[in-house]
Amino acid sequence: GYVGQGKYQPSVGGKHTKAYSMWKSAMTRSYCDKFHSKNPSYIGCSVCEEWHNFQNFAEWYYNHDFCDLGYDLDKDLLIKGNKEYSPKACTLLPSELNLLLASNASRRGKYPQGVSYDGFCDKYKVTLSAYGKGVNLGRYKTTEEAYEVYKKAKEAYVKERALFWKDSIETRAFDALMNW
């Protein structure tokens, strides 16, 4: 990537702008081998050619309705499983929503998301992270049964949070969350 010629500066008063920090992070997540060694879920990610020029990314960013709110850059809500940062695929989301959508696959272990084994009662425990804490959704005989309970609760929670943020996220992000 390169800064390019234009009106957008990477730093103001010796401090990186939010747009530059976000752009640099997308470039790092896509192309830095050292980052990939610690975050393998980003292997295979890329930044569209247009956004290799910081000026083009900054133009997109500053024309976004919610750029001044300190939101996160999300690349895979609008296009499930997407690996490319681009104007078509990206949106800005409050950290709460962005974190809510993270799968944490690399830290999860052998059980499905939201499911853990409880050896004390020989069942599978379901926990949903909601409202800043873990919410116990019960214990079930099989991982499949436990995951179905988790999935339904997570979908309902995502929709609830989408409704809460509806007026503070772009319409296409809201629609994607309601269909998540």
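Analysis parameters
- Throughout this description, residue numbers start from 1 for each chain and increase along the sequence as written.
- Selection of residues for local features in this predicted model requires a pLDDT of at least 70, selection of side-chain atom pairs for listing and counting requires 80 or more, and totals for whole chains, interfaces and linings are taken over all residues.
- No hydrogens and no water enter the side-chain calculation; it runs on all heavy atoms of the structure.
- Secondary structure elements follow DSSP: runs of H or I of four or more residues count as helices, runs of E of two or more count as strands, with numbering from the N terminus.
- Exposure is judged per residue with a 1.4 Å probe applied to protein chains only, and the accessible area is read against the type maximum: over 50% gives exposed, under 20% gives buried, and values in between give partly exposed.
- Here, two residues are considered to be in contact whenever any of their heavy atoms come within 4.5 Å of each other.
- A 1.4 Å probe and the Shrake-Rupley method give the accessible areas. Residues count as covered only by the protein chains that appear here.
- Positive charges come from Lys and Arg, negative ones from Asp and Glu, while His and the chain ends are left out of the count.
- Lysine's charge is taken at NZ, arginine's at CZ, aspartate's at CG and glutamate's at CD.
- This arc corresponds to the set of directions leading from the helix axis out to the C-beta atoms.
- Comment: axis = line fitted to C-alpha atoms, over the contacting stretch for helices; angle = value between 0 and 180 degrees taken between N-to-C directions.
- Our angle categories are set so that under 35 degrees counts as roughly parallel, over 145 as roughly antiparallel, 65 to 115 as roughly perpendicular, and the remainder as oblique.
- By definition, any crossing whose near helix is turned counterclockwise from its far helix by less than a right angle is left-handed, and any crossing with a clockwise turn is right-handed.
- When residues are sorted by character, Ala, Val, Leu, Ile, Met, Phe, Trp, Tyr, Cys and Pro go into the nonpolar class, Asp, Glu, Lys and Arg into the charged class, and all the rest, Gly among them, into the polar class.
- Salt bridges are defined by distance alone: a side-chain nitrogen of Lys or Arg within 4 Å of a carboxyl oxygen of Asp or Glu.
- Here a strand pair is declared whenever DSSP counts at least two bridges between the two strands.

1. Things to note about the overall build of the protein chain
A count of helical and extended segments in the protein chain gives seven helices and nine strands. The C-alpha extent of the protein chain, read off along each of the three principal axes, is 65 × 40 × 30 Å. Counting only residues that meet the buried cut, the protein chain has 39% of its 180 residues in that class. Summarising the internal contacts of the protein chain: among those between residues at least 6 apart in sequence, 53% fall at separations of at least 24. Total accessible area on the protein chain stands at roughly 10700 Å², and carbon and sulfur atoms take up 50% of it. With 26 positive and 21 negative side-chain charges, the protein chain shows a spacing of 6 Å between the two charge centroids.

2. Observations regarding helix H7 (residues 171-178)
For H7, the complete set of buried residues consists of Ala173, Phe174, Ala176 and Leu177. Summarising the axial view, the buried residues of H7 lie within an arc of 165°, below the 170-degree limit, and thus occupy one face. Against the buried residues of H7 lie strand E6 (91-93), helix H4 (95-100) and helix H6 (143-165).

3. Observations concerning the packing of H6 against H7
Two elements in contact, H6 and H7, have axes whose closest approach is 8 Å; the angle formed by their N-to-C orientations is 155°. One way to sum up the angle between H6 and H7 is to call them roughly antiparallel. Viewed along their axes, H6 and H7 form a crossing whose handedness is left-handed. Residues Val158, Lys159, Ala162 and Leu163 of H6 form the contact with H7, whose own contacting residues are Phe174, Leu177 and Met178. A per-class count over the contact of H6 with H7 returns six nonpolar, no polar and one charged.

4. Some details on the pattern of salt bridges
In the structure shown here, the tally under the stated rule is four salt bridges. Between Glu96 and Arg161 there is a salt bridge, and its shortest N-O distance comes to 2.5 Å. One end of the pair, Glu96, is in helix H4; the other, Arg161, is in helix H6, and 65 residues separate them in sequence. Across the pair Arg139 and Asp118 runs a salt bridge, and its minimum N-O distance is 2.6 Å. One end of the pair, Arg139, is in strand E9 (residues 133-140); the other, Asp118, is in strand E7 (residues 115-118), with 21 residues separating them in the sequence. Overall, Arg139 belongs to the partly exposed group, its relative accessible area being 34%.

5. So, the environment of His16
For His16, the position within the fold is in strand E2 (residues 15-16). His16 sits in the partly exposed class, given a relative accessible area of 43%. C-alpha separation for the pair His16 and Asn179, spaced 163 residues apart in sequence, amounts to 35 Å. Among all residues touching His16, those that are not within four sequence positions of it are Pro10, Ser11 and Ser21.

6. Quick notes on the environment of Asn98
Note that Asn98 resides in helix H4. Note: C-alpha distance between Asn98 and Tyr71 (27 residues apart in sequence) is 8.9 Å. Setting aside residues up to four positions removed in sequence, Asn98 forms contacts with Asp72, Leu73, Asp74 and Leu93.

7. What to know about the sheet that holds E7
Taking strand neighbours across the sheet as the criterion, the three strands line up as E7-E8-E9 in an open arrangement whose pairing is antiparallel. Edge positions in the open sheet fall to E7 and E9, since each of these has one partner strand only. Strand-to-strand twist of the sheet, defined as the mean angle between neighbouring strand axes without regard to direction, takes the value 35°. Packed on one face of the sheet, H6 meets E7, strand E8 (123-130) and E9 and runs near 10° to E8.

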